[in-house]
Amino acid sequence: MNLDTRLAPERDHPAPAPDGGAPGRIPMAPADPFALVGLVGASRPMQRVRADVLRYARSSAPVLITGETGTGKELVARALHLASPRARGPLVSVNVATLRTELVTSELFGHERGAFTGAFTRRRGLFEQAHGGTLFLDELGELDARTQADLLRVLETGEVRPLGCERPRTVDVRVIAATHRDLATMVRAGCFRADLYYRLNVLTVTLPALRERRADVPVLVEHLLARLRPEVGDRRLATDALALLGRHPFPGNIRQLLNVLRRAMVRDERVVLDAAALADALAAEPGTLGPVPYQTPARDLSVPAVAEAMQASGGSISAAARRLGIARSTLRGRLHASHRGDVCQAQSSLTRSAINPLLRTEEP
Ligand SMILES: Nc1ncnc2c1ncn2[C@@H]1O[C@H](COP(=O)(O)OP(=O)(O)OP(=O)(O)O)[C@@H](O)[C@H]1O
Ligand SMILES: [Mg+2]
């Protein structure tokens, strides 16, 4: 089975009655998948998103969801699953960035008993767990090179091979992936496989930033205040407060809007909050902090520090590890796992010579 081309049966046409005549009963209207996951917004850009989700729900081809942080990628993935004929099947979500490099293969594809030291029992991988449903790969841009190759193989063959297993197993899984990274730039930088990118980039949902759909701010505020009600009670915003939020850029998008509302409600206990209360909550945003004293940790393994060490050591992982005062294997782990994409993003401050050896070590 080819996951990329297999089309799911259409959902909206009721099966004909057994006598071949008209369907016996009027089918129940499918529940609104957006309402089910709590996704609101009816601005033009969101109407496009909703239309894309409903169209793509009928297919089993992979979907790539992109958009800035906090724009609702996870909600859209869930809505897509619920709108699809796979809604009765499982939705298995995994945040790739949280998978430990050495375990990622067995997590995704499973392993047989005794496949490696510590594999005391057989384990079904996430692909097998998602059989008949959807696998949501969140933070796709953090996937290491070897797993990118494995994922491509599964998408092409529709088969997974658990570690220590001779025969591959066929899986019927729809893959939805999300990332806030610019994958095209990562492909150009050599940080993401071009073939996997093209494979996943067939059906895409691009989520607009909140500042590109300011018309949704009032309905989002209403929705988020209802979510906050158990915590802060029944509260409202005055018109000037809403107008202030409507003008704010919100780089952290809806997640940031939620945080600002929560902070405003906790700091100011009036039932109706005015613009001054919201301005106060916005000013307290972490991003707007002034310079604060910061003590450098003994071993700074932040992305800039790792990138700087790689550059200073001419791209040698061993030399960079010595500079950082850590084991070579630890640095390799850092580079392969969640830091990989960040290091690639930080490449403007890095020479290609610093990056290339790093990439060479990551070839499967
Ligand atoms: N359209 C929306 N309607 C209602 N709530 C939303 C909407 N979009 C996002 N949210 C809320 O904003 C928060 C962030 O959403 P989500 O986790 O889906 O963002 P994301 O795009 O996956 O972000 P990240 O890239 O940081 O993982 C969640 O609490 C979610 O419920
Ligand atoms: Mg997310």
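Basis of the calculations
- Residues numbered from 1 in each chain as written.
- Chains lettered and ligands numbered in written order.
- Predicted model: local features only at pLDDT ≥ 70, side-chain atom pairs only at ≥ 80, totals over all residues.
- Heavy atoms only, no water.
- Core = buried A, V, L, I, M, F, W, Y, C linked by side-chain atoms within 4.5 Å.
- Buried < 20%, exposed > 50% of the residue type's maximum accessible area, 1.4 Å probe, protein only.
- Helix = DSSP H or I, 4+ residues; strand = E, 2+ residues; numbered from the N terminus.
- Contact = heavy atoms within 4.5 Å.
- Arc of directions from axis to C-beta.
- Pairing = 2+ DSSP bridges.
- Axes fitted to C-alpha atoms, helices over the stretch in contact; angles between N-to-C directions.
- Near = heavy atom within 4 Å.
- Polar contact = N/O pair within 3.5 Å; in protein donor to acceptor, adjacent residues only side chain to side chain.
- Areas by Shrake-Rupley, 256 points an atom, 1.4 Å probe, with all protein chains shown as cover.
- Nonpolar A, V, L, I, M, F, W, Y, C, P; charged D, E, K, R; others polar.
- Domains from an automatic or database assignment.
- Salt bridge = Lys/Arg side-chain N within 4 Å of Asp/Glu carboxyl O.

Right, let's talk about the nonpolar core for a bit. Counting 33 residues, the largest nonpolar core has Leu108, Phe127, Leu135, Leu137, Leu140, Leu151 and Phe192 as the members making the most contacts within it. Elements represented by at least two residues in this core include exactly strand 2 (91-95), helix 4 (104-109), helix 5 (126-129), strand 5 (134-138), helix 6 (145-157), strand 8 (174-179), helix 7 (183-188) and helix 8 (194-200). Residues contacting Phe127, with those up to four places away along its chain left out, are Leu108, Phe109, Leu135, Leu151, Val154, Val160, Val171, Val173 and Val175.

What sets the pattern is the α-helix's 3.6 residues per turn: residues three or four places apart point alike. Buried within helix 12 (residues 275-283) are the following residues: Ala275, Ala277, Leu278, Ala281 and Leu282. The buried side chains of helix 12 occupy one side of the element, clustering within an arc of 160 degrees when seen end-on. Of the exposed residues in helix 12, the ones pointing more than 90 degrees away from its buried face are Ala276 and Ala283.

Bringing the sheet that holds strand 2 into the picture now. Spatially, five strands are ordered 2-5-8-1-9 in an open sheet, and the strand pairing comes out parallel. With partners counted over all chains shown, the strands left at the sheet margins are strand 2 and strand 9 (203-206), one partner each. Neighbour to neighbour, the strand axes of the sheet diverge by 20 degrees on average, direction disregarded. Taken together, the four bridges between strand 1 (residues 63-66) and strand 9 define a ladder with parallel strand orientation. Within the sheet, the bridge partner assigned to Ile65 lies in strand 9 and is Val205. Strand contacts of helix 3 (residues 73-83): strand 1, strand 2, strand 5, strand 8 and strand 9, with the helix running at about 165 degrees to strand 8, the strand carrying the most contacts.

It is worth spelling out the site of ligand 1 at this point. Thr69, Gly70, Lys73, Arg227 and Arg255 are the nearest of the 18 residues found near ligand 1. Here an oxygen atom of ligand 1 sits 3.3 Å away from a polar atom, N or O, in the main chain of Thr71. Between Arg227 and ligand 1, the recorded distance is 2.9 Å, taken from a side-chain N or O atom to an oxygen atom. Protein burial of ligand 1: of its 630 Å² of free accessible surface, 89% is covered by the chains. For the shell around ligand 1, the secondary structure elements donating two or more residues are helix 3, helix 9 (217-232) and helix 11 (253-267). Here the shell around ligand 1 is built from residues that sort into five nonpolar, six polar and seven charged. A domain split of the shell around ligand 1 shows at least three residues from each of domain 1 (33-206) and domain 2 (210-288).

To continue, consider the pairing of strand 2. Side chains of strand 2 alternate between two faces, with Val92 and Val94 buried and Leu91, Ser93 and Asn95 left unburied. Relative to strand 5, strand 2 is paired through five bridges, and the arrangement is parallel. Looking at strand 5, one finds that Val94 is bridged to Leu137.

This part covers the pattern of salt bridges. By the definition in use, this model includes 19 salt bridges. A salt bridge links Arg211 to Glu68, with the shortest nitrogen-to-oxygen separation between them at 2.4 Å. With Arg211 in the loop between strand 9 and helix 9 and Glu68 in the loop between strand 1 and helix 3, the pair connects residues that are 143 residues apart, well separated along the chain. Residue Arg211 is classed as partly exposed on the basis of its relative accessible area of 32%. Accessibility expressed as a relative area gives 29% for Glu68, which makes it partly exposed. Between Glu112 and Arg122 there is a salt bridge whose closest N-O contact spans 3.5 Å. Here the residue Glu112 occupies a position in the loop between strand 3 (110-111) and strand 4 (123-124), and Arg122 occupies one in the loop between strand 3 and strand 4, the gap between them amounting to 10 residues. One network of salt bridges, with partners in common, ties together Glu112, Arg122, Glu128 and Arg169.

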